[in-house]
Amino acid sequence: MTGLHTLSAEHLRLAYEKLEVISDLSVSIPPGRITVIVGANASGKSTLLRGLARLLKPREGCVYLDGESIHKLPTKEVATRLGILPQSPIAPDGITVADLIMRGRYPHQAWFRQWSAADEQAVAAAMTATETLGLATRPVDELSGGQRQRAWIAMALAQDTAIMLLDEPTTFLDISHQVEVLDLLTDLNERHGRTIVLVMHDLNQACRYGHHLIAMRSGSIVAEGAPGQVVTCELVEKIFELRCKLVPDPVSGTPMIVPIGRHLGAGAARTRTGQPDAAEMDGLRQPEDAVVAFSVPAWTEGEAS
């Protein structure tokens, strides 16, 4: 597996019937890196991902996979280089987890060669990585939301493509499994050079795990680059209409967004707790504590000063 495969788009116009979502958008995905697309609901994130994955044909413009128009390439050839996990995929009725994951190997099979040892190994590795071995015989439609999401991610992993596109892959997962999935994708990127493109809502996770951010609003890219270079309070307010403070993530050192909100402004801490106690005041006075003291009283008092 290499990270040399390329994916880009020029002058895309994407629409659903009469509803135009994206107009004249050009983008180049950094090969061998983790790119995260962020933005508010209805900003065009998922539409862009669908356009890049050939799930939505552009009205104008073109998507290029390794320099070739993706819509002119055979479907099976595209599927050996690029995998997509869309939002809320639907499994065939009654299919088991093992059968679903095995379908990820379809692009690698030919009429003269069916199931192989390599297929078996890829499926087993995907199930081990996503902790779905214990679910192998269970029907997908009987799983919890989190279990179902892990099964779909396992199928995408079994496809074993150089480029992976995932639309909100941590949806339905508890925080522990969210971190496990994102760590797994990081491992795939670092060890195998896979190019990974994610749509995410959690800005802090996007900053922690993404090498490259694409921030969208109203179908346009308003900023892109390394999280530490492009994420600012002004950008967060522009794309999410949310006031915030930025602090260094105490684990990764990447930007961490601390929302302010309407009920967490000046005086909110005193309304909730009376007067700040000595520990809270010490936290306000010590700059080195600011990174780790994320309590509401500390930040609201800091905002008030």
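Residues numbered from 1 in each chain as written. Predicted model: local features only at pLDDT ≥ 70, side-chain atom pairs only at ≥ 80, totals over all residues. Heavy atoms only, no water.

Caption draft 1: A look at the packing of aromatic side chains. Tallied over the entire structure, the rule returns 0 aromatic pairs. The ring of Y106 carries K76 above its face, with NZ or CZ at 4.8 Å from the centroid. (Phe/Tyr/Trp six-rings, centres within 6.5 Å; stacked < 30°, edge-to-face > 60°. Lys NZ or Arg CZ within 6 Å of the ring centre and 35° of its normal.)

Caption draft 2: The arrangement of the pairing of strand β4 (residues 60-65) in detail. Direction of pairing for strand β1 (residues 7-16) relative to β4: antiparallel, over a ladder of 5 bridges. Residue A9 lies in a different strand from β4, and its bridge partner there is V63. Bridge count between β4 and strand β5 (residues 68-69): 2 bridges; the pairing is antiparallel. Looking at β5, one finds that L65 is bridged to E68. The hairpin turn running from β4 into β5, its antiparallel successor, is 2 residues long, and D66 in that turn takes a positive phi close to 55°. (Pairing = 2+ DSSP bridges. Helix = DSSP H or I, 4+ residues; strand = E, 2+ residues; numbered from the N terminus.)

Caption draft 3: Focus on the sheet that holds β5. Strand order in the open sheet made by the 4 strands is β2-β1-β4-β5, with antiparallel pairing throughout. The strands lining the two open edges of the sheet, one partner per strand, are β2 (19-29) and β5. Where helix α1 (residues 45-52) meets the sheet, it contacts β1, β2 and β4, and its direction lies at approximately 120° from that of β1. (Contact = heavy atoms within 4.5 Å. Axes fitted to C-alpha atoms, helices over the stretch in contact; angles between N-to-C directions.)

Caption draft 4: Highlighting the pattern of salt bridges. A full pass over the atoms with the stated rule returns 8 salt bridges. For the salt bridge of D119 with R105, the shortest nitrogen-to-oxygen distance reads 2.9 Å. Placement of D119 in helix α4 (residues 117-129) and of R105 in the loop between α3 (97-102) and α4 is noted, with a sequence separation of 14 residues between them. Comparing D119 with R105 shows no difference in burial state: the two are buried. With a shortest N-O distance of 2.9 Å, R208 and D249 are connected by a salt bridge. Placement of R208 in helix α7 (residues 203-209) and of D249 in the loop between β11 (244-248) and β12 (255-259) is noted, with a sequence separation of 41 residues between them. One network of salt bridges, in which partners are shared, links R13, E20 and E60. (Salt bridge = Lys/Arg side-chain N within 4 Å of Asp/Glu carboxyl O. Buried < 20%, exposed > 50% of the residue type's maximum accessible area, 1.4 Å probe, protein only.)

Caption draft 5: A look at the pairing of β1. Both β1 and β2 contribute to a ladder of 7 bridges, which runs antiparallel. Bridging from a neighbouring strand, L14 pairs with I22 of β2. Hairpin connection from β1 to β2: 2 residues lie between these consecutive antiparallel strands, with E17 at a positive phi of about 55°.

Caption draft 6: Fine view of helix α5 (residues 145-159). Compared with the 21 Å implied by 1.5 Å per residue over 15 residues, the 22 Å span of α5 between its first and last C-alpha is a close match. Every buried residue of α5 is accounted for by G146, Q149, R150, A151, W152, I153, A154, M155, A156, L157, A158 and Q159. Contact partners of the buried residues in α5: α2 (75-81), β6 (82-85), α3, α4, β7 (163-167) and α6 (175-192). The positive-phi residue at the C-terminal boundary of α5 is D160, with phi of around 60°. (Expected span 1.5 Å × (residues − 1).)

Caption draft 7: Quick peek at the sheet that holds strand β3 (residues 34-39). As summarised here, the arrangement of the 6 strands in space is β6-β7-β8-β3-β9-β10, forming an open sheet in which the pairing is mixed. Looking at which strands have only one partner, the edges of the open sheet turn out to be β6 and β10 (220-225). For this sheet, the mean inter-axis angle between neighbouring strands, taken without regard to orientation, is 15°. On top of the sheet, α5 reaches β6 and β7; it is set at about 175° to β6, its chief contact. In the packing of α6 onto the sheet, contacts are made with β3, β7 and β8 (195-199), and the angle to β8 comes to roughly 155°.

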